[in-house]
Amino acid sequence: MRQILIKEINSFLNSLIAYIIIAVFLTATGLLLWVFPETSILDYGFADMSSFFSFTPYIFMFLIPAITMRMFSEERRNGTMELLLTRPLRDIDLILGKYLAGVVLVLFAILPTLLYYFTISRLGNPPGNIDTAGVMGSYFGLFLLGAAFTAVGVFSSSFTENQVTAFIIAVFLCFLLYFGFNAISTLAGLSAFAVTIDGLGMIYHYNAMSKGLIDLRDFVYFLSVITVMLLLTNLVLKSRTW
Amino acid sequence: MSIQISGLTKVYDQQAAVDDLSFSAKAGEIVGFLGPNGAGKSTTMKIIAGFISPTSGSVKVCGYDVVEDSINVRKCIGYLPEHNPLYLDMYVHEYLHFIGSLHINSNKELKRKVPEMVALCGLEKEQNKLIRLLSKGYRQRVGLAQAMLHDPQVLILDEPTTGLDPNQIIEIRELIRSVSHDKTVILSTHIMQEVQALCSRVLIINQGKLVADDIPEKLKSVAAATVVITLEFKEEITTQELSELEGVLSLHKNGKIILVEASAEVDVRPLIFKFATDHGYTLLGMNQEVSSMEDVFRQLTKKS
């Protein structure tokens, strides 16, 4: 697993992908938070990061599939999959290595945004007047969300040779998991099950965390999504032996 | 026995790519795996290397079953897949390091092995280049280096010399020969000279079935039960006496050129020469066609 993780991170750093992803992410969030008047904190008047946390999932929805789309599809297309799968390496180690490399990249994208927190905290009146617990809970939720999106992306990449297909499927699945269930639960005919259906979606658990309360149930929810996605990936890899 | 295959069958969509194949190979053997395109060579090699599973039958490598004990099998195999897949964006030594690290746990050993293999494969000058920039011959060497890096007991090479120029082919053959003495090497090819030059044993498969398994020389003699000798005389001759010579099976006269089909067991050429001198004929040319591995291959894999 370690070898694959190192190889993937090296390939991020050697290609421009990692730098572009991080640069685009920081530029987009920076613009939303500080420049665009509609969403700017400076115009908003409150020392609050909620606009950052409500927009970032939508940015992740496109950026993370862009990171993960090549992970397995490129190996398939180049035939290097055969090279990897004939080494003394368990399938799950291969998957975890690639997955964790993606998570590390997500973490590197999120970390610089902590600067926003410190800036806003200083701008508060009096300085430091910010809901630190809420922000930290949101960060934790955002990280879990990113990790779950990465798992979805790794899965989508595993069953196609085509990176564009992998990207589109990943974006769609992320959208469905994040927002889809919430939208379905508002359908008139389903009002009896609305709470249950809403609970299947990520947005419900993500919002719960942003209140600064880290509930074990929300944590377990994200962990389950990740586990299911990685097990499905494992199943796809196994299918070559059927 | 390093490799034991019995009753191996692989079915793709009801079509059997490999059909009840059985053979075994021991250390020190270089086994040439021959067959027309689509005969099931690559499929068999992929199964031995653990990339795909057999539909039925058993494959054991170094005593481990490829289905039950896949990881252990992969540990003792060095595999060069068909088309030699490589990470084009990696440097040669980086690539070898990466593949090596999947086999060899100790970093110290890896640091010793990689330069050793780089030297053995003649890659010293190229080791700091991107694989993308290498010529096909050098890429093939990188592929071989990757397969041999962990000193495996069994080497599976799927068409190791395709697309190389004649000099490179000879170099690669030398390389394979030099590492093969205590290993089992299985290599697939459709170049017959390769088998004659390199292999100690030939397996010919056709439509997934084993049709021949022998040393190259033996196989040649099977096809070479008869030889064809082309004679050219200066003058018109009568062929009556020629056809009565011992070993001559049939004659075909075409002006001054005569084709003699003779048994391969006796050499009829001295008799023909004596016949010519006895009758005062001037023999301008005599040429015996030795049947080659190509003929054997064609005979055994002809579509019936």
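The rules we used
- Residues numbered from 1 in each chain as written.
- Chains lettered and ligands numbered in written order.
- Predicted model: local features only at pLDDT ≥ 70, side-chain atom pairs only at ≥ 80, totals over all residues.
- Helix = DSSP H or I, 4+ residues; strand = E, 2+ residues; numbered from the N terminus.
- Rg over C-alpha atoms; globule rule 2.2 N^0.38 Å.
- Buried ≥ 20, exposed ≤ 12 C-beta atoms within 10 Å, placed from the backbone.
- Pairing = 2+ DSSP bridges.
- pLDDT = per-residue confidence, 0-100.
- Contact = placed C-beta atoms within 7 Å.
- Nonpolar A, V, L, I, M, F, W, Y, C, P; charged D, E, K, R; others polar.
- Axes fitted to C-alpha atoms, helices over the stretch in contact; angles between N-to-C directions.
- Expected span 1.5 Å × (residues − 1).
- Bend = angle between axes of the 7 residues up to and from the residue.
- Parallel < 35°, antiparallel > 145°, perpendicular 65-115°, else oblique.
- Left-handed = near helix turned anticlockwise from the far one by under 90°.
- Core = buried A, V, L, I, M, F, W, Y, C linked by C-beta atoms within 7 Å.

### Thoughts on the overall build of chain B
Within chain B, the secondary structure is distributed over 11 helices and 14 strands. Here chain B has a C-alpha radius of gyration of 25 Å; the compact-globule value for 304 residues is 19 Å, and the former is much larger. Across its three principal directions, the C-alpha atoms of chain B cover 80 × 45 × 30 Å. Looking at the 304 residues of chain B, the share that counts as buried comes to 38%.

### Regarding the pairing of strand 4 (residues 56–61) of chain B
All names here are of chain B. By the bridge criterion, 5 bridges tie strand 1 (residues 3–12) to strand 4 in an arrangement that is antiparallel. Looking across to strand 4, one finds that isoleucine 5 is bridged to valine 59. In the sheet, strand 4 pairs with strand 5 (residues 64–65) via 2 bridges, with the strands oriented antiparallel. Bridging from a neighbouring strand, valine 61 pairs with tyrosine 64 of strand 5. Adjacent in sequence and paired antiparallel, strand 4 and strand 5 are bridged by 2 residues, among which cysteine 62 carries a positive phi angle near 50°.

### Thoughts on unusual backbone geometry
Residues and elements named next belong to chain B. For aspartate 20, which is not glycine, the phi torsion reads 50° and is therefore positive. Structurally, the position occupied by aspartate 20 is in strand 2 (residues 15–25). Of note, the phi angle at asparagine 84 is positive, near 45°, even though the residue is not glycine. Inspection of the secondary structure assignment puts asparagine 84 in the loop between strand 6 (77–80) and helix 3 (92–103). Its 23 C-beta neighbours within 10 Å are what place asparagine 84 among the buried residues.

### Focus on the confidence of the model for chain B
The pLDDT averaged across chain B works out to 85; a share of 95% of its residues lies at or above 70. When pLDDT is averaged over each element of chain B, strand 6 of chain B comes out on top at 93 and helix 8 (residues 216–223) of chain B at the bottom at 68.

### Notes on the interface of chain B and chain A
On the side of chain A, 18 residues touch chain B, which itself brings 18 residues to the contact. Of all the secondary-structure elements, those providing two or more residues to the side of chain B that touches chain A are helix 2 (70–75) and helix 3 of chain B. A per-class count over the side of chain B that touches chain A returns 10 nonpolar, 5 polar and 3 charged.

### Digging into the sheet that holds strand 5 of chain B
All names here are of chain B. If you walk across this open sheet you meet the 4 strands as 2-1-4-5, and the pairing is antiparallel. Only two strands of the sheet have a single neighbouring strand rather than two, namely strand 2 and strand 5. In the packing of helix 1 (residues 41–49) onto the sheet, the strands contacted are strand 1, strand 2 and strand 4, and the crossing angle to strand 1 comes to about 120°.

### Points about helix 10 (residues 163–185) of chain A
Residue and element names in this part refer to chain A. With 23 residues, helix 10 extends 32 Å between its outermost C-alpha atoms, agreeing within 8% with the 33 Å of an ideal straight helix rising 1.5 Å per residue. Maximal helix bending in helix 10 amounts to about 50°, located at phenylalanine 179. What helix 10 keeps buried is the set Gln163, Ala166, Phe167, Ile169, Ala170, Val171, Cys174, Leu177 and Tyr178.

### Points about the environment of leucine 173 of chain A
All names here are of chain A. If you trace the backbone, leucine 173 turns up in helix 10. Measuring from C-alpha to C-alpha, the distance between leucine 173 and alanine 151 comes to 11 Å, with 22 residues separating the pair along the chain. When residues no more than four places from it in sequence are discounted, the contact partners of leucine 173 are Val152 and Ser156.

### A closer look at the sheet that holds strand 7 (residues 154–158) of chain B
Remark on secondary structure: sheet strands pair via backbone hydrogen bonds, oriented parallel or antiparallel. Residue and element names in this part refer to chain B. Strand order in the open sheet formed by 6 strands is 6-7-8-3-9-10, with mixed pairing between adjacent strands. In this open sheet, the two edge strands, each paired with only one partner strand, are strand 6 and strand 10 (209–214). Within the sheet, the average angular offset between the axes of one strand and its neighbour, ignoring direction, is 15°. Inspection of the sheet shows strand 9 (residues 201–206) paired to strand 10 by 5 bridges, in the antiparallel sense. Bridge pairing in strand 10 links valine 202 to aspartate 214. In the packing of helix 5 (residues 136–148) onto the sheet, contacts are made with strand 6 and strand 7, and the angle to strand 6 comes to roughly 165°.

### Side note on the packing of helix 4 (residues 50–68) of chain A against helix 9 (residues 132–158) of chain A
Residue and element names in this part refer to chain A. Here helix 4 crosses helix 9 at 30°, and the two axes come no closer than 9 Å. Compared by their axis directions, helix 4 and helix 9 come out roughly parallel. In this structure, the crossing between helix 4 and helix 9 has a hand that is right-handed. Listed contacts from helix 9 to Phe53, Thr56, Pro57, Phe60, Met61, Ile64, Pro65, Ile67 and Thr68 of helix 4 are Ser138, Leu142, Leu145, Gly146, Phe149, Thr150, Gly153, Val154 and Ser157.

### Considerations on the nonpolar core
Core analysis: the biggest nonpolar cluster contains 123 residues, and Ala148, Ala151 and Val152 of chain A together with Ile48, Leu96, Ala145 and Ile156 of chain B have the highest contact counts within it. Ranked by residues supplied to this core, first place goes to helix 9 of chain A with 12 residues. Sequence-distant contacts of alanine 148 of chain A, defined by excluding residues within four places in its chain, comprise Met202, Phe222, Val225 and Ile226 of chain A. Among the nonpolar cores identified, the runner-up in size contains 7 residues, and Leu231, Val260, Val268 and Ile272 of chain B belong to it.

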